[in-house]
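For reference, the chains in residue letters:
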Amino acid sequence: MVDAWAALTSDIERGYGDYIHEYTNDLYCRNWLHEAWLLLDDHIVQLWTPQIKALDDRYKAATIDDDGMALDQFHRLPGPDLWWWRRHPRILTGDLGRSLRSAGAIGTAPGTA
């Protein structure tokens, strides 16, 4: 799942243009990491935390916090501790960009970020 979070983050940095439902489905990989952290032993958590934090920081830099207002138009938001659901990509392109813009999201076009 770390690889899935890394791949999604990279896609968002470049401009995620797939459908809104694919995007929300892809976000669940971060949910899995959040839930797994509670079950893993301390050594594994210490080993992987720096990589997860670096990916989280990249995700935050590539997204805009709107408290989930745009995404909530398409998918029921999970609990407030799952902060990644309350952000949307900064670069709005393709089908995802059109959907999020229709819900009031503000972002940039590809190549202008």
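Thresholds applied
- Sequence order as written defines the numbering, with residues in each chain counted from 1.
- Residues qualify for local features only when their pLDDT is at least 70, as the model is predicted, and side-chain atom pairs are given and counted only at 80 or more; totals for whole chains, interfaces and linings, by contrast, use all residues.
- In computing side-chain values, all of the structure's heavy atoms are included and hydrogens and water are not.
- A run of H or I in DSSP counts as a helix once it spans at least four residues, and a run of E counts as a strand once it spans at least two, with each numbered from the N terminus.
- In this setup the radius of gyration rests on C-alpha atoms only. A globule is expected at 2.2 Å times the number of residues raised to 0.38.
- Only the protein chains shown count as covering a residue, and every accessible area follows the Shrake-Rupley method with a 1.4 Å probe.
- Charge counting follows a simple rule: Lys and Arg are positive, Asp and Glu are negative, and His as well as the terminal groups are ignored.
- The atom standing in for a charge is NZ when the residue is Lys, CZ when it is Arg, CG when it is Asp and CD when it is Glu.
- Accessibility here uses a 1.4 Å probe with only protein chains present; expressed as a share of the type maximum, an area under 20% marks a residue as buried, one over 50% as exposed, and anything in between as partly exposed.
- Contacts: residue pairs with any heavy atoms within 4.5 Å of one another.
- Multiply 1.5 Å by the residue count of a helix minus one, and that product is the helix's expected span.
- Note on bend: at a given residue it equals the angle between the axes fitted to the 7 residues ending there and to the 7 starting there.
- We call two N or O atoms a polar contact when they sit within 3.5 Å, provided that within protein one can donate a hydrogen and the other can accept it, with sequence-adjacent residues counted only if both atoms are side-chain atoms.
- Every axis in this analysis is a line fitted to C-alpha atoms, fitted for helices over the stretch in contact. Angles between the N-to-C directions lie between 0 and 180 degrees.
- Angle categories: roughly parallel below 35 degrees, roughly antiparallel above 145, roughly perpendicular from 65 to 115, and oblique for all the rest.
- Whether a crossing is left-handed or right-handed is set by the direction in which the near helix is turned from the far one by less than a right angle, anticlockwise for left-handed and clockwise for right-handed.
- In the sections that follow, a salt bridge refers to a side-chain nitrogen of Lys or Arg positioned within 4 Å of a carboxyl oxygen of Asp or Glu.
- Buried Ala, Val, Leu, Ile, Met, Phe, Trp, Tyr and Cys residues form a nonpolar core when they are joined through side-chain atoms within 4.5 Å.

### With respect to the overall build of the protein
In step 1: Helices and strands together make up the secondary structure of the protein, namely 4 helices and 2 strands.
In step 2: Ordered by position in the sequence, the α and β elements of the protein form the string α-α-α-β-β-α.
In step 3: A compact globule built from 113 residues should have a C-alpha radius of gyration of about 13 Å, and the protein, at 14 Å, falls within 12% of that.
In step 4: When the accessible surface of the protein is split by element, carbon and sulfur atoms take 54% of a total near 6400 Å².
In step 5: Between the mean site of the 11 positive side-chain charges and the mean site of the 17 negative ones, the protein shows a separation of 6 Å.

### Quick notes on the side chain of Thr63
In step 1: Mapped onto the elements of the fold, Thr63 is located in strand E1 (residues 63–65).
In step 2: A relative accessible area of 0% places Thr63 in the buried class.
In step 3: Excluding residues that lie within four positions of it along the chain, Thr63 makes contacts with Ile12, Arg87, His88, Pro89 and Arg90.

### Observations regarding unusual backbone geometry
In step 1: In this model, Asp67 sits at a positive phi of 60°, which is unusual for a non-glycine residue.
In step 2: Structurally, Asp67 can be placed in the loop between E1 and strand E2 (87–89).
In step 3: According to the relative accessible area criterion, Asp67 is exposed, its value standing at 52%.

### Examining helix H3 (residues 42–62)
In step 1: Between its terminal C-alpha atoms H3 stretches 29 Å, which fits the 30 Å expected from 21 residues at 1.5 Å a residue.
In step 2: Approximately 40° is the largest bend angle found in H3, and it occurs at Trp48, with the proline Pro50 only one to four residues beyond.
In step 3: For H3, the N-terminal cap is Asp41; the gap from its side-chain oxygen to the backbone nitrogen of His43 is 3.0 Å.

### Side note on the packing of helix H1 (residues 2–14) against helix H2 (residues 20–37)
In step 1: Orientation of H1 relative to H2, taken along the N-to-C sense of each, is 135°, at an axis distance of 9 Å. It follows from the interaxial angle that H1 and H2 lie oblique. Regarding H1 and H2, the two cross each other, and that crossing is left-handed. Contacts from Val2, Ala4, Trp5, Leu8 and Ile12 in H1 reach Tyr23, Asp26, Leu27, Cys29, Arg30 and Leu33 in H2.

### Some remarks on the pattern of salt bridges
In step 1: Going through the model one piece at a time under the given rule, you end up with 6 salt bridges.
In step 2: One salt bridge connects Arg14 with Asp11, and the closest N-O pair in it is separated by 2.5 Å. Here Arg14 and its partner Asp11 are both found in helix H1, 3 residues apart, which amounts to about one turn of the helix.
In step 3: With relative accessibility at 28%, the residue Asp11 sits in the partly exposed group.
In step 4: The shortest N-O distance in the salt bridge between Arg86 and Asp67 comes to 3.9 Å. Of this pair, Arg86 sits in the loop between E1 and E2 while Asp67 sits in the loop between E1 and E2, and the two are 19 residues apart along the sequence.

### A closer look at the nonpolar core
In summary, soluble globular proteins display a tendency toward joint burial of nonpolar side chains.
In step 1: Trp5, Tyr23, Leu27, Leu71 and Leu100 are the most contacted members of the largest nonpolar core, which totals 24 residues.
In step 2: Every element with two or more residues in this core is listed here: H1, H2, H3 and helix H4 (94–102).
In step 3: In terms of residues, this core owes the most to one element, H2, which gives 5 residues.

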